[in-house]
Amino acid sequence: MYLLKPDIFEGQDYYVEVELEGVTVGTTVVDYMEKTGKVPNVHVLYEVSREAFVKEFKKAVEIIGCTIYNVGE
């Protein structure tokens, strides 16, 4: 949805890593405090307009439903 309606989301760029070893394997680590000094590599979304999201989601489901069942042909 973000690619279609980026204006309904809020976010910020951060440096993010995923742990690949040890007991924390798979853990996503986000440098929120910018302590690593590394260049941000991910745009982290932290807020969305619920009303706009639901509206767009319903439109998408409607379109998919019409396509699957050939409604309107």
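Please read all numbers here as calculations on a predicted model, not as lab measurements.

Enquirer: Describe the overall build of the chain, naming the residues involved and giving the relevant values.
Expert: Looking only at helices and strands, the chain has 1 helix and 4 strands in total. Secondary structure elements of the chain occur, N-terminal to C-terminal, as β-β-β-β-α. Against the 2.2 N^0.38 benchmark of 11 Å for 73 residues, the chain shows a C-alpha radius of gyration of 18 Å, more extended than a compact globule. By principal-axis analysis of the C-alpha atoms, the chain measures approximately 55 × 30 × 20 Å. For the chain, buried positions account for 11% of its 73 residues.

Enquirer: Please set out a nonpolar patch on the surface residue by residue, giving values where relevant.
Expert: The grouping of Met 1, Val 48, Phe 53, Phe 57 and Val 61 at the surface amounts to a nonpolar patch, some 400 Å² of accessible area in total. For the nonpolar patch, the element with the highest residue contribution is helix α1 (residues 50-68), accounting for 3 residues. For Met 1, a relative accessible area of 33% corresponds to the partly exposed category.

About the thresholds
Residues numbered from 1 in each chain as written. Predicted model: local features only at pLDDT ≥ 70, side-chain atom pairs only at ≥ 80, totals over all residues. Heavy atoms only, no water. Helix = DSSP H or I, 4+ residues; strand = E, 2+ residues; numbered from the N terminus. Rg over C-alpha atoms; globule rule 2.2 N^0.38 Å. Buried < 20%, exposed > 50% of the residue type's maximum accessible area, 1.4 Å probe, protein only. Patch = residues over 30% accessible without salt bridge, like charges linked within 9 Å, V, L, I, M, F, W, Y side chains within 5 Å. Areas by Shrake-Rupley, 256 points an atom, 1.4 Å probe, with all protein chains shown as cover. Salt bridge = Lys/Arg side-chain N within 4 Å of Asp/Glu carboxyl O.

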